[in-house]
Amino acid sequence: MAGGSDHGLQRIVWKRIKDTIIADCRKSEVWKILILDPFTTKLLSSCCKMSNLMSEKITIVEDLYKKREPVLEMKAIYFMTPTSECVKAFIGDFKPKPKYKAAYVYFTDYCPDDLFNDMKLHCAKYIRVCKEINISFLPQEAQVFTFDNPGAFQNIYHINSQDKKKTLEMLADQLVTVCATLDEYPGVRYKKDMDNAKALAELVDSKLARHYDLDESGKKKGKTHAQLLIVERAFDPVTPIVHELTYQAMAYDLINIQNDIYKYKSKDGSEKQALLNEDDMLWVKLRHKHIAEVSEQIPKMVKEISANKKQPDGKITISNLAQMMKKMPSFRKQLTEKTVHLQLAEDCMKQFSNNVEKLCKAEQDLAVGLDVEGVKVKDPMRTLLPVLLTPYSPYDKIRAVLLYIFSLNGTTEENLSKLIEHVKIQDEPEVIHNWKELGVPIITTPSFFSRRPTRRDRSQEETYNLSRWTPVIKDVMEDAVENKLDTREWPHQSESPAAWNGSGAVSARQKHKASTQDDRRTGSRLIIFVIGGISFSEMRCAYEVTQAVKSCEVIVGSSHILTPTRLLDDIKALSKGPMESFTIEGRSNA
């Protein structure tokens, strides 16, 4: 299990679990078994370590769906999602014969009456506790949450989907648990002309009102100093497609990293793997930096270690490091951490040198609409053509073609056919055509006029030539915290309190409930939810804006995290085959 319990959202979630599940456990001296479903396994792994559980007298962690031997002298804690699949497995543990002495049941969120009654009917005499703890999300990073549900993309956007309404309902329920865990009752806003964003905003707002109708002291909870903004993926199709050169986004785009595990071969040929999460402090320190800085900093760090041990100050390579590690066992752990990132940065730079570097200039010109000198790109086709004539991979060419189309807000049917032929994707043109299902214009007519959205002026900001594009979400974050979001573009589903001015300032006449620093940071919170997936670059913006503003914490989330390849695969599938009917159980196995 990972342990990010010292970081932002992970710390808050772990505290919530300790105050509910663990607090109940402490009342009994008996050692217990913890039984989890796939979703709660990921949830717990993201915020605590096995040692944390052991210290709370939890001796074994088991899978709800696996066959288990009875341990009649032990009490079992069930932490699970409120689905018929989970409840059926739970009942199976006590009927016909009980596996455990007693059951303490905790649901991630609201348990439907029919499931609750089913449990009561079959297992009432074994259930000591049954609670809903309102944590139905994964604290992915300090300022990022997801619902671990990539299937939501197809359920909402697939042309044959019958399950959009159900999925939006489920996302709304989960968003309410995010707000409840943060102890926020935010004002809700959504991006204009985005139907799913509007529908989700209405659902979240009404569910929040119900949730906070009466608090534990019997008083209605008022709005807190927070805003929740809801947008759809179509508000910025460029960011998840363009090649990004900051370390985390670049690594997940160019290297095959699955479930945050980076696999690599050491110089002796043995297979190694490393988990990229917030337990790795070097990863946290480097992940948002440009690859040029990362490539410069890691060798410096290694040289410092080697200098301390009077190693020859030569070129730092992986094989040199391997020799050092054999000679200095005491430094092995310190070096291993840096070796992983030296290897990963080398892998990224290898991909960059091979083909990405040349692609980036064209991509940046198309995305920004200006060249490096700040001169407007008058003929985007001239920028695109060299990419089409170079033997890049089909997906790299598709990404460039899409950036060309986005730069024009759509192209003609005739032009698109030629582009599809050029990229040799006549068999699967859906990877371009299906963007229309998200609301992104792909085909336009000569009479159609659409202007590019106005962007914040960043001409004075220092940037790398191949990293001039700034995600649109950063403009939104900065406008929101400065209270400059246009209400015509961002209508209010419900107003935020008058004291919200985006800077975290509170009206002098308004008493602000003091709380310890451990409970929450001072100032206000901005929560942004993206329907259809969020990219690593957009996650980075949340940290950058929070760091710059300090008095407002920005938290971002989505159903899942995107990489460019995953998004293109999802887009391609939007018109494939009949859409299977959605079941709520799908969430726990997503």
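Nothing here was measured: the structure is a model prediction, and the numbers come from that model.

Reading the values: the criteria
- Residues numbered from 1 in each chain as written.
- Predicted model: local features only at pLDDT ≥ 70, side-chain atom pairs only at ≥ 80, totals over all residues.
- Heavy atoms only, no water.
- Helix = DSSP H or I, 4+ residues; strand = E, 2+ residues; numbered from the N terminus.
- Buried < 20%, exposed > 50% of the residue type's maximum accessible area, 1.4 Å probe, protein only.
- Areas by Shrake-Rupley, 256 points an atom, 1.4 Å probe, with all protein chains shown as cover.
- Pairing = 2+ DSSP bridges.
- Axes fitted to C-alpha atoms, helices over the stretch in contact; angles between N-to-C directions.
- Salt bridge = Lys/Arg side-chain N within 4 Å of Asp/Glu carboxyl O.
- Expected span 1.5 Å × (residues − 1).
- Parallel < 35°, antiparallel > 145°, perpendicular 65-115°, else oblique.
- Contact = heavy atoms within 4.5 Å.
- Nonpolar A, V, L, I, M, F, W, Y, C, P; charged D, E, K, R; others polar.
- Phe/Tyr/Trp six-rings, centres within 6.5 Å; stacked < 30°, edge-to-face > 60°.
- Polar contact = N/O pair within 3.5 Å; in protein donor to acceptor, adjacent residues only side chain to side chain.
- Left-handed = near helix turned anticlockwise from the far one by under 90°.
- Core = buried A, V, L, I, M, F, W, Y, C linked by side-chain atoms within 4.5 Å.

**Quick notes on the overall build of the chain**
Item 1. Secondary structure summary: the chain contains 20 helices and 15 strands in total.
Item 2. Evaluated residue by residue, the chain yields a buried proportion of 55% over its 590 residues.
Item 3. Just so you have it, the chain exposes about 27,600 Å², and 50% of that area is on carbon and sulfur atoms.

**A look at the sheet that holds strand β6 (residues 138–141)**
Sheets are built from strands paired through backbone hydrogen bonds, the pairs being either parallel or antiparallel.
Item 1. The strand order across the open sheet formed by six strands is β6-β7-β14-β12-β9-β8, and the pairing between neighbours is mixed. Whereas interior strands pair on both sides, the edge strands pair on one side only; in this sheet they are β6 and β8 (187–190). The sheet shows a mean angle of 25° between the axes of neighbouring strands, direction not considered.
Item 2. Where β8 meets strand β9 (residues 226–232), four bridges bridge the pair, whose relative direction is parallel.

**Observations concerning the pattern of salt bridges**
Item 1. Under the defined criterion, the tally for this structure stands at 33 salt bridges.
Item 2. Between glutamate 544 and lysine 474 there is a salt bridge, with the nearest N and O atoms lying 2.9 Å from each other. Taken together, the residues glutamate 544 in helix α19 (residues 536–549) and lysine 474 in helix α18 (residues 472–481) connect sequence positions 70 residues apart.
Item 3. Overall, lysine 474 belongs to the buried group, its relative accessible area being 14%.

**Quick look at the environment of valine 472**
Item 1. Structurally, valine 472 can be placed in helix α18.
Item 2. Exposure remark for valine 472: the relative accessible area of 16% places this residue in the buried category.
Item 3. Put simply, valine 472 and proline 453 are 19 residues apart on the chain and 9.5 Å apart in space, counted from C-alpha to C-alpha.

**A look at α19**
Side chains three or four residues apart in an α-helix point the same way, a direct result of the helix having 3.6 residues per turn.
Item 1. In this model α19 runs 20 Å from its N-terminal to its C-terminal C-alpha over 14 residues, within 8% of the 20 Å that 1.5 Å per residue would give.
Item 2. Among the 14 residues in α19, ten count as buried, and that is most of the element.
Item 3. Every buried residue belonging to α19 is among Phe536, Ser537, Glu538, Met539, Arg540, Cys541, Ala542, Tyr543, Val545 and Thr546, and all of these are buried.
Item 4. Lysine 550 sits one or two residues past α19 and shows a positive phi near 65°.

**Considering the packing of helix α15 (residues 394–408) against helix α20 (residues 564–573)**
Item 1. As a packed pair, α15 and α20 sit with axes 11 Å apart at the nearest point and diverge in direction by 80°. Here α15 is positioned roughly perpendicular relative to α20, judged by the angle of their axes. Residues Tyr395, Ile398, Arg399 and Leu402 of α15 lie in contact with α20, whose contacting residues are Pro564, Thr565, Leu568, Asp569 and Lys572.
Item 2. Looking at the contact of α15 with α20, its residues break down into five nonpolar, one polar and three charged.

**A short note on the sheet that holds strand β3 (residues 71–80)**
Item 1. With respect to topology, five strands assemble into an open sheet ordered β2-β1-β3-β4-β5, the strand pairing being parallel. Of all strands in the sheet, those with a lone pairing partner are β2 (58–63) and β5 (127–132), marking the two edges. The average angle at which neighbouring strand axes cross in this sheet is 20°, direction not considered.
Item 2. Direction of pairing for β3 relative to strand β4 (residues 100–107): parallel, over a ladder of seven bridges. The residue of β4 that forms the bridge with lysine 75 is alanine 102.

**Points about the pairing of strand β11 (residues 271–275)**
On a regular strand, each side chain points to the face opposite its neighbour's, so the side chains alternate between the two faces of the sheet.
Item 1. Two elements, strand β10 (residues 261–265) and β11, share five bridges in a ladder whose sense is antiparallel. For lysine 265, the partnering residue across the bridge sits in β11 and is glutamate 271.
Item 2. Between β10 and β11, which pair antiparallel in sequence order, lie five residues; one of them, glycine 269, sits at a positive phi of approximately 90°.

**Re the packing of aromatic side chains**
Item 1. In the structure shown here, the tally under the stated rule is 17 aromatic pairs.
Item 2. Taking 6.5 Å as the distance between ring centres and 45° as the angle between the ring planes, the aromatic pair formed by tyrosine 252 and tryptophan 283 counts as tilted. Residue tyrosine 252 is located in helix α9 (residues 247–254), and its partner tryptophan 283 is located in helix α10 (residues 281–286); the two are separated by 31 residues in the primary sequence.
Item 3. Overall, tryptophan 283 belongs to the buried group, its relative accessible area being 1%.

**Here's the deal with the side chain of serine 266**
Item 1. With respect to the helices and strands, serine 266 occurs in the loop between β10 and β11.
Item 2. Assessed through its relative accessible area of 16%, serine 266 is described here as buried.
Item 3. A polar contact of 2.7 Å, which involves the side chain of serine 266, links it to the side chain of serine 270.

**Overview of helix α2 (residues 38–47)**
Item 1. Here α2 lies mainly inside the structure; seven of its ten residues are buried.
Item 2. All of the buried residues along α2 are Phe39, Thr40, Leu43, Leu44, Ser45, Ser46 and Cys47.
Item 3. Those residues of α2 that are buried are in contact with α1 (8–26), β1 (32–36), α3 (50–54), β3 and β6.
Item 4. Structurally, the start of α2 carries an N-cap: the backbone nitrogen of phenylalanine 39 is 3.0 Å from a side-chain oxygen of aspartate 37.

**Focus: unusual backbone geometry**
A negative phi angle is the norm for most residues apart from glycine, just as the trans form is the norm for most peptide bonds.
Item 1. Geometrically, the link from lysine 95 to proline 96 is a cis peptide bond, its omega value of 5° lying close to zero.
Item 2. Turning to its location among the elements, proline 96 is positioned in the loop between α4 (84–92) and β4.
Item 3. In this structure, aspartate 183 is a non-glycine residue whose phi angle is positive, near 55°.
Item 4. With respect to the helices and strands, aspartate 183 occurs in the loop between α7 (164–181) and β8.
Item 5. Aspartate 183 sits in the partly exposed class, given a relative accessible area of 36%.

**A look at the packing of α7 against helix α8 (residues 195–211)**
For any two helices packed against each other, one specifies the inter-axial angle together with the distance between the axes.
Item 1. For the pair α7 and α8, interaxial distance at closest approach is 9 Å and the crossing angle is 50°. Here α7 lies oblique to α8, going by the angle between them. Pair α7 / α8 crosses with right-handed handedness. Across the interface between the two elements, Lys164, Leu168, Glu169, Leu171, Ala172, Asp173, Leu175, Val176, Cys179 and Ala180 of α7 pack against Asn196, Ala199, Leu200, Leu203, Val204, Lys207, Leu208 and His211 of α8.

**Topic: the nonpolar core**
Item 1. Counting residues in hydrophobic clusters, the biggest one holds 154 residues, and the most contacted among them are Ile432 and Trp435.
Item 2. Looking at this core element by element, the count peaks at 13 residues for helix α13 (residues 332–368).
Item 3. Excluding residues that lie within four positions of it along the chain, isoleucine 432 makes contacts with Ile398, Val401, Leu402, Ile405, Leu416, Ile420, Ile425 and Ile442.
Item 4. Listed in part, the 23 residues of the second largest apolar core include Val71, Ala89, Phe90 and Phe107.

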